[in-house]
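A structural walkthrough
One-letter residues, chain by chain:
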Amino acid sequence: NSFSQSGTLNFVLNGKTGDLSSSNKAYLSYVKPDGFSADSAVITNGAFKFSGQIRSPRVAYLVIGKSLAAGDTARLKLYLGEQPTQVNIPGRLENAVVTGDPLNEANSRLQKALTHVNSQLSALNADLRAASPLQRKSPAFRKAIESRGALIEQESRTIKKNFILHNPDAQLSFILLKDELAGFSPDVAELIPIFASLSPAVRSTQQAAAFGQMLEELKSTAIGATAPEFKQTDTGGRIVSLHDFKGKYILVDFWASWCVPCRAENPTVVKAYQTYKIKGFEVLGVSLDEEKSKDAWLKAIKDDHLSWTQVSDLKGWDNQAAKLYHVRGIPQNFLIGPDGKITATNLRGEALEKKLAEIFN
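All of the points below concern the structure found in this document. (Residues numbered from 1 in each chain as written. Predicted model: local features only at pLDDT ≥ 70, side-chain atom pairs only at ≥ 80, totals over all residues. Heavy atoms only, no water.)

**A closer look at the packing of aromatic side chains**
Our working rule: Any pair of Phe, Tyr and Trp rings, taking the six-membered ring for Trp, is counted once the centres come within 6.5 Å. Such a pair is stacked with planes under 30 degrees apart, edge-to-face with planes over 60 apart, and tilted for the rest. Where helices and strands are cited, they refer to DSSP runs of H or I of at least four residues and of E of at least two residues respectively, numbered from the N terminus. A simple rule labels every residue: compare its accessible area, found with a 1.4 Å probe on the protein chains alone, to the largest value its type can have, and call it buried under 20%, exposed over 50%, or partly exposed in between. A ring is considered to have a charge above it if a Lys NZ or an Arg CZ atom is located within 6 Å of its centre and within 35 degrees of its normal.
Under the definition given, this model contains 13 aromatic pairs. Consider the rings of W258 and W317, whose centres lie 6.1 Å apart with planes at 50°: the pair is tilted. Highlighted residues: W258 in the loop between β11 (249-255) and α9 (260-276) and W317 in the loop between β13 (309-311) and α11 (320-324), separated in sequence by 59 residues. With a relative accessible area of 43%, W258 lands in the partly exposed category. Within the aromatic cluster, the residues linked to one another by ring pairs are F230, F254, Y325 and F334. Above the plane of the ring of Y61 lies R75, whose end atom (NZ or CZ) is 4.1 Å from the centre.

So this is what it looks like as structure tokens:
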């Protein structure tokens, strides 16, 4: 009954601040139908209220006294859903009690399970903030931070997967699966059984049904599948086909000149290519640049010393190869074996070096 005729959902969030009543404003950030929103509400006599429209139940972040843009600010993660949400803050924001919508009841149980993970994450962030500029530049320091971060992420994923399996009727289970476990490059083999474990009532919602359909489509580019064939034009105007590389290990690397993480990853791919090309390893770069950024694409190839074949239809996110491979975020890559089958996906950093060493050494 809280869905409007346009298919959007009307939400209400009521808050009481207790000891934080000296703060004059509350801030709420969330994604609404026309984009990202950072709303504010005046706190009067220790109370505040937000209301608005969203397309479907979703995560939001609440801040008291300072906007999220203020930097290192305590923020409360909660969910906006069909039923009104109540936030009671007796003292510190971290001790807030969120009730009302079943999503937040479920999230309270999840957050208890994540207590250890969250304390580890806080410690990691504290160490990062305390580090000197010199320390931050140290490869050993960065590697140690990345390793700790990866272990925390791994533990977090395991807890969330267990939560989903033990709460098949909770709408939060689907949201966790879609927004936090799937990411930009979903592991179909991992996700399909988890999706199947959700109750029929949860799976039959419009969003969940669309997600299930997407998982089925992603099977075509999962590990073990035959890599979809495509042809595109290289930097010299020559048509290049994926089939041209049959019989070799080839990394199909989706990137773009404007993509900062892609450019940061390029030195890793350069090193891998230089090490293993003599053993028959190939790379095929597929750029998601547009016609108007063709010069920037060519410059990036030169600046980053990318000496392998580069192709693009210069249609940006409408790149036909990217659509064929269901690419929703970059950098993303697919390692294809001599038999034309996908042997690994999303190999970045040390993972790429490790996989190639395993194959060629």
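**Let's talk about helix α5 (residues 171-182)**
Our working definition: Multiplying 1.5 Å by the residue count of a helix minus one yields the expected span of that helix. Only heavy atoms matter for contacts: two residues are in contact if any of them lie within 4.5 Å across the pair.
With twelve residues, α5 extends 16 Å between its outermost C-alpha atoms, agreeing within 8% with the 16 Å of an ideal straight helix rising 1.5 Å per residue. Of all the positions in α5, only L172, S173, F174, I175, L176, L177, L181 and A182 are classed as buried. Looking at the buried residues of α5, the elements they touch are β6 (76-80), α1 (102-113), α4 (139-166), α6 (188-196), α7 (200-203) and α8 (206-218). Taken from the residues just after α5, G183 is the one with a positive phi, measuring 65°.

**A look at unusual backbone geometry**
Peptide bonds are, in most cases, trans, and in most cases residues other than glycine have a negative phi. In this structure, P331 follows I330 across a cis peptide bond, with omega equal to 5°. Despite not being glycine, N346 has its phi angle at roughly 55°, a positive value. Among the structural elements, N346 can be located in the loop between β15 (342-345) and α12 (350-360).

**Brief notes about the sheet that holds β15**
Stated formally: Between any two strands, pairing holds if DSSP finds at least two bridges. Where helices are involved, their axes are fitted lines through C-alpha atoms of the stretch in contact, as for all axes, and angles between N-to-C directions lie from 0 to 180°.
Spatial ordering of the open sheet is given by β13-β12-β11-β14-β15, a layout of five strands whose pairing is mixed. Here the strands that pair on one side only, and so sit at the sheet edges, are β13 and β15. Along the sheet, successive strands turn relative to each other by an average axial angle of 20°, direction set aside. Alignment of strand β14 (residues 332-336) against β15, held across three bridges, turns out to be antiparallel. Within the sheet, the bridge partner assigned to L335 lies in β15 and is A344.

**Here we look at the packing of α1 against α5**
How we decide: Reported orientations rely on four angle classes, namely roughly parallel under 35 degrees, roughly antiparallel over 145, roughly perpendicular from 65 to 115, and oblique for the rest. In this classification, the charged set is Asp, Glu, Lys and Arg, the nonpolar set is Ala, Val, Leu, Ile, Met, Phe, Trp, Tyr, Cys and Pro, and all remaining amino acids, among them Gly, are polar.
The geometry of α1 relative to α5 is characterised by a closest axis approach of 8 Å and an angle of 65° between their N-to-C directions. On the basis of their axis angle, the class for α1 and α5 is roughly perpendicular. For the pair α1 and α5, the contacting residues are L103, A106, N107 and L110 in the first and Q171, L172, I175 and L176 in the second. For the contact of α1 with α5, the residue count by class is six nonpolar, two polar and no charged.

**Quick notes on the sheet that holds strand β7 (residues 85-88)**
Read across the open sheet, the four strands follow the order β4-β1-β7-β8; overall the sheet is mixed. Two strands in the sheet have a free side with no partner beyond their single neighbour: β4 (47-54) and β8 (97-99). Taken pair by pair, the neighbouring strands of this sheet meet at an average axis angle of 15°, ignoring direction. Two elements, strand β1 (residues 9-16) and β7, share four bridges in a ladder whose sense is parallel. Across the sheet, residue K16 finds its bridge partner in β7, namely N88.

Nothing here speaks to function; it is all geometry.
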